[in-house]
Amino acid sequence: MNQTEDIAATDPKRVRILDGAMKVFLAYGFSRTTMDDIARAAEMSRPALYLLFKNKTDIFRAIAMMVLSRSVEAAKMALAGDGAFTERMMRAIDEAFISMMSSIVASPHGAELVDMKSSLADLVGCWRGGLGEHIAAAIKGEAARSGADLAAKGLSAQLLADMLLDGLEGMKARISDPEGQRQAAAALIRVIDLALKSG
């Protein structure tokens, strides 16, 4: 994921295309958007667009890769920041999960774009793996700091990270309101924090 993110960051044309395409997809949905629409939004000719992307699915995947990569980076920075474990974890989940999705879901064609998640299973898998890695590292660090012996409790940092991510996925299916999602996420994080208390 990072390689494409780096390419996008160093190629202004590519950034212009992805930014323009994101606006068009959010406004019209994936199925109604044409390569002409994307070319216009990127202020370039259609032939120039085809030099960088073979079709709109290619562009959609590149946008997803960029958004998911930024989300993992935001979580990593939040987890490395200042504050109590629960505050840092909540910031990470909010930035990487709740806020990222709420702007897409709130758009007129958000449901259609979210439904395309199955065509991005490989990217979502990489995203979840990266996010899980950073969350597990933060949990492991907090367990070391607090003196909690997770193994003695039949737990591990990775198990807790997976539990959190699984819980967030389930919560997202049940609760559509971002504020409700934040409350549910905070409850999950409190449960993990209790497991990280020594004794």
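Residues numbered from 1 in each chain as written. Predicted model: local features only at pLDDT ≥ 70, side-chain atom pairs only at ≥ 80, totals over all residues. Heavy atoms only, no water.

### A few points about the nonpolar core
Operational definition: Throughout this description, the term nonpolar core refers to a set of buried Ala, Val, Leu, Ile, Met, Phe, Trp, Tyr and Cys residues connected via side-chain atoms within 4.5 Å. The classification of residues rests on relative accessible area computed with a 1.4 Å probe and restricted to protein chains. Under 20% of the type maximum is buried, over 50% is exposed, and intermediate values are partly exposed. Only DSSP runs of H or I covering at least 4 residues are called helices, and only runs of E covering at least 2 are called strands; the numbering of each starts at the N terminus.
In this structure, Phe-25, Leu-49, Ile-59, Met-89, Ile-93, Ile-135 and Ile-139 are the most contacted members of the largest nonpolar core, which totals 63 residues. Of all the secondary structure elements, the ones that give two or more residues to this core are helix H2 (12–28), helix H3 (35–41), helix H5 (56–80), helix H6 (85–105), helix H8 (121–146), helix H9 (157–174) and helix H10 (178–195).

### Focus: the packing of H5 against H6
We apply this condition: Axis definition: a line fitted to C-alpha atoms, over the contacting stretch in the case of helices. Angles run 0 to 180 degrees between N-to-C directions. Should an angle lie under 35 degrees it is considered roughly parallel, over 145 roughly antiparallel, and from 65 to 115 roughly perpendicular; all remaining angles are considered oblique. Working rule for handedness: look at the near helix, and if it is turned counterclockwise from the far one by less than a right angle, call the crossing left-handed; if clockwise, right-handed. Note on contacts: a residue pair is in contact if any heavy atoms of the two residues lie within 4.5 Å. Amino acids are sorted into nonpolar (Ala, Val, Leu, Ile, Met, Phe, Trp, Tyr, Cys and Pro), charged (Asp, Glu, Lys and Arg) and polar (every other residue, Gly among them).
For the pair H5 and H6, interaxial distance at closest approach is 7 Å and the crossing angle is 165°. Considering the angle they form, H5 stands roughly antiparallel to H6. H5 and H6 meet at a crossing whose hand is right-handed. On H6, the residues touching Val-67, Leu-68, Ser-71, Ala-74, Ala-75, Ala-78 and Leu-79 of H5 are Arg-88, Met-89, Arg-91, Ala-92, Glu-95, Ala-96 and Met-100. Grouping the constituent residues of the contact of H5 with H6 by class yields 10 nonpolar, 1 polar and 3 charged.

### What about the pattern of salt bridges?
Rules: Salt bridges are identified by distance alone: a Lys or Arg side-chain nitrogen within 4 Å of an Asp or Glu carboxyl oxygen.
Applying the stated criterion across every chain, the model contains 10 salt bridges. Close ionic contact of Arg-88 with Glu-142 constitutes a salt bridge, the shortest N to O distance being 3.8 Å. With Arg-88 in helix H6 and Glu-142 in helix H8, this residue pair connects regions lying 54 residues apart in the sequence. Under the relative-accessibility criterion, Glu-142 is labelled buried at 7%. One continuous salt-bridge network, built from bridges that share partners, spans Arg-88, Glu-142 and Arg-145.

### Considerations on the confidence of the model for the protein
So the rule is basically this: Along the chain, pLDDT gives the predictor's confidence residue by residue, from 0 to 100.
Taken as a whole, the protein shows an average pLDDT of 89; of its residues, 94% reach a score of 70 or greater. Confidence, read as mean pLDDT per element, is least for helix H1 (residues 2–10) in the protein (47) and greatest for H3 (96).

### Quick look at H10
Applicable threshold: The span you would expect from a helix comes to 1.5 Å times its residue count less one.
In a regular helix each residue adds 1.5 Å, so 18 residues correspond to 26 Å; H10 covers 26 Å between its end C-alpha atoms and thus fits that length. Buried positions along H10 lie against H6, H8 and H9.

### Describing the environment of Ala-157
With respect to the helices, strands and loops of the structure, Ala-157 is situated in helix H9. Spatially, the C-alpha atoms of Ala-157 and Leu-131 are 13 Å apart, while their sequence positions differ by 26 residues. Among all residues touching Ala-157, those that are not within four sequence positions of it are Ala-136, Ile-139, Lys-140 and Leu-150.

### Some details on H6
How we decide: Axes are fitted to the seven residues ending at a residue and to the seven starting at it; the angle between these axes is taken as the bend at that residue.
Here H6 contains 21 residues, and its C-alpha end-to-end distance of 29 Å stays within 8% of the 30 Å for a straight helix at 1.5 Å per residue. At Asp-94, H6 is deflected by roughly 45°, the largest bend along its length.

### A few points about the packing of aromatic side chains
In plain terms, the rule: Here a pair means two rings of Phe, Tyr or Trp (six-membered ring of Trp) with centres within 6.5 Å. Their orientation is stacked below 30 degrees between planes, edge-to-face above 60, and tilted elsewhere.
Counted according to the given criterion, the structure contains 4 aromatic pairs. For the ring pair Phe-30 and Phe-60, a centre distance of 5.4 Å and an interplane angle of 70° mean the geometry is edge-to-face. Here Phe-60 lies in helix H5 and Phe-30 lies in the loop between H2 and H3, a separation of 30 residues in the sequence. The exposure class of Phe-30 is buried, given its relative accessible area of 12%. The class of Phe-60 is buried, set by a relative accessible area of 10%. Summarising the aromatic geometry, the rings of Phe-97 and Trp-127 are spaced 6.0 Å apart at their centres and angled 15° between planes, so their arrangement reads as stacked.

### Examining the environment of Arg-145
Applied cut-off: The definition of a polar contact used here is a pair of N or O atoms within 3.5 Å, where within protein one atom must be able to donate a hydrogen and the other to accept one, and adjacent residues in sequence count solely through side-chain atom pairs.
Mapped onto the fold, Arg-145 is located in helix H8. For Arg-145, a relative accessible area of 62% translates into the label exposed. C-alpha separation for the pair Arg-145 and Ser-198, spaced 53 residues apart in sequence, amounts to 9.6 Å. A distance of 2.7 Å separates the side chain of Arg-145 from the side chain of Glu-142, its partner in a polar contact.

### So, the packing of H9 against H10
At a closest axis distance of 10 Å, the pairing of H9 and H10 adopts a crossing angle of 160°. Our classification of the angle between H9 and H10 gives roughly antiparallel. Crossing handedness for the pair H9 and H10: right-handed. In this structure, H9 uses Leu-160, Met-163, Leu-164, Gly-167, Leu-168, Met-171 and Lys-172 to contact H10, whose residues at the interface are Gln-181, Ala-184, Ala-185, Leu-188, Ile-189, Val-191, Ile-192 and Ala-195.

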